[in-house]
Amino acid sequence: MSVLYISDLDGTLLNKQAVLSDRSAEIISGLITKGLLFTIATARSLSSLDILRKLDLRLPCVQLNGVLLYDFAQGKYTGCTSINTRSAEKVLEILRSHDRMSFVYKADDQYGIHVEFERLSNDVERKFFEARRDKDYKSFAQTDRITVSEDDKIIYFTMVDSYDRLLPIHEDISKTEGVRSTLYSDNYSDLYFLEVFSSDATKAKGMLKIKEMLGVDKVVAFGDNLNDIDLLKTSDTGIAVNDAVEEVKNIADIVIGNSYEDGVAEYLQKVFNG
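Residues numbered from 1 in each chain as written. Predicted model: local features only at pLDDT ≥ 70, side-chain atom pairs only at ≥ 80, totals over all residues. Heavy atoms only, no water.

Draft legend 1. Representation of the side chain of histidine 98 in the model. Residue placement: histidine 98 occurs in the loop between α3 (85-97) and β6 (103-107). Among residues more than four places away in sequence, those in contact with histidine 98 are Arg165, Pro168, Ile169 and Asp172. (Helix = DSSP H or I, 4+ residues; strand = E, 2+ residues; numbered from the N terminus. Contact = heavy atoms within 4.5 Å.)

So this is what it looks like as C-alpha cells:
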C-alpha cells in the first residue's frame, strides 16, 4: 500500500523558532531517499519556504492553506484557486467597516504573488513585511487605498491582531459567499492570524488533489492548529503533535511527540523502519 505523509509547518514540523531542526531534516531527508512520500501543507507561500532548503522535497505541496499547489520536482505552480471579484469587494467592505485592512495577495498568470497593503498595524505585521519584502516570488507595494477589479486575480487576505479585534471581522466575513475565513493563534506571539481565501480552497482539498495526482492509496496528515482540522479529518489518519491546540488533539487519531522535540520526524522514522 502506498502512503503519502503530509505535514503542516509552523507548530508542527518546525520548532518554536520557526526553524526545521537539523535532526528533523536529517531523518526526513534520509527517509525520502529510501522512498518515503513526504510533502507539506502550509499557510506559507513559496517566498518563505527557504526554511526547508535542508529537505530534498520532490512532490507537489499545498501553500496558502490550499490556494496554491506547487511542484518542487518541476519547479513550478500546478494550481491556483482565486476569489471571485464580488466576494473580494465584499471582504474589503467588511474590513473598512471595522476600520481595519489586511495584506491583499494578487497573483499573475505565472502565479507570482503581488501583495498590497495600506498600513502596518502592529509589530508582528511589520516583521511579517520585513521578512518577506525582498524574497523571490513575492513583491510588496504600499498604496493609499486597495481596490480590486475583474482584471485582478485575488487569492488571499491576511492580517495579524488580537483575538478580540479580529473575531467580529472573522464572523462578518464568514457570512460572505465565496470565501472562507480562518482565525487561529500565531505560533510565535500572543496575537492571532485572520486569513481569507476562496471557499473552494482548503488544505484538505489541496491534499486530495495531490493524492489523486500521485495515485497513492492512503494519506497520513500532521497538524497543530485550527487551520489543520479539515486536513486531519479528511486524511486517512490524522495526527496531532503533543503541543497542538486542544481542538486539534481532540479530533486526531493519534497524538505524537512535541513539535520542538522532532515529533513528526521521530514518528516517521519509527513507522518507516517498521
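Draft legend 2. Molecular detail of the sheet that holds strand β4 (residues 68-71). Spatially, the 3 strands line up as an open sheet ordered β3-β4-β5, and their pairing is antiparallel. Edge positions in the open sheet fall to β3 (60-63) and β5 (76-80), since each of these has one partner strand only. Going from strand to strand, the sheet's axes swing by 25 degrees on average, the running direction of each strand aside. Across the sheet, helix α6 (residues 203-214) is in contact with β3, β4 and β5; its angle to β3 comes to roughly 170 degrees. (Pairing = 2+ DSSP bridges. Axes fitted to C-alpha atoms, helices over the stretch in contact; angles between N-to-C directions.)

Draft legend 3. Representation of unusual backbone geometry. Within the chain, asparagine 65 stands out as a residue other than glycine whose phi angle is a positive 55 degrees. For asparagine 65, the location among the structural elements is in the loop between β3 and β4. What makes asparagine 65 buried here is its relative accessible area of 1%. (Buried < 20%, exposed > 50% of the residue type's maximum accessible area, 1.4 Å probe, protein only.)

Draft legend 4. Molecular detail of the pairing of strand β11 (residues 192-198). Counting buried positions along β11 yields 6 of 7 residues, so the element is predominantly enclosed. Where strand β9 (residues 154-161) and β11 come together, 5 bridges link them in antiparallel fashion. If you follow threonine 158 over to β11, its bridge partner there is glutamate 195. In this structure, strand β10 (residues 179-185) lies alongside β11, joined through 7 bridges in antiparallel fashion. Paired with serine 181 across the two strands is valine 196, which belongs to β11. From the end of β10 to the start of β11, which pair antiparallel, there are 6 residues.

Draft legend 5. Representation of the packing of aromatic side chains within the structure. For the structure on display, the rule yields 12 aromatic pairs. Between the aromatic rings of phenylalanine 103 and phenylalanine 117, the centroid separation amounts to 5.7 Å while the plane-to-plane angle is 55 degrees, which identifies the pairing as tilted. A residue pair is termed long-range when its members are at least 10 positions apart, and phenylalanine 103 in strand β6 and phenylalanine 117 in strand β7 (residues 113-117) qualify at 14 residues. For phenylalanine 103, a relative accessible area of 2% gives the class buried. A ring pair is formed by tyrosine 156 and phenylalanine 197, whose centres lie 5.6 Å apart and whose planes are at 15 degrees; its orientation type is stacked. Placement of the pair is tyrosine 156 in strand β9 and phenylalanine 197 in strand β11, with a sequence separation of 41 residues. Grouping residues by exposure puts tyrosine 156 and phenylalanine 197 together as buried. What links up through ring pairs into an aromatic cluster is the set Phe103, Phe117, Phe128, Phe129 and Phe140. (Phe/Tyr/Trp six-rings, centres within 6.5 Å; stacked < 30°, edge-to-face > 60°.)

Draft legend 6. Structural view of the environment of leucine 52. In this fold, leucine 52 is placed in the loop between β2 (37-40) and β3. According to the relative accessible area criterion, leucine 52 is buried, its value standing at 4%. Each C-alpha atom, one on leucine 52 and one on valine 148, is 33 Å from the other, the two residues being 96 residues apart in sequence. Dropping the residues within four chain positions of it, leucine 52 is found in contact with Leu9, Leu20, Ile40 and Leu57.

Draft legend 7. Representation of the packing of helix α2 (residues 22-33) against helix α9 (residues 263-272). Put simply, α2 and α9 touch, their axes get as near as 9 Å, and they point 30 degrees apart. As summarised for this structure, α2 and α9 are arranged roughly parallel, according to the angle between their axes. Where α2 crosses over α9, the two elements pack in a sense that is left-handed. Within the contact between the two elements, α2 uses Arg23, Ser24, Ile27, Ile28 and Leu31 and α9 uses Ala265, Glu266, Leu268, Gln269 and Phe272. Of the residues that constitute the contact of α2 with α9, the class distribution is 6 nonpolar, 2 polar and 2 charged. (Parallel < 35°, antiparallel > 145°, perpendicular 65-115°, else oblique. Left-handed = near helix turned anticlockwise from the far one by under 90°. Nonpolar A, V, L, I, M, F, W, Y, C, P; charged D, E, K, R; others polar.)

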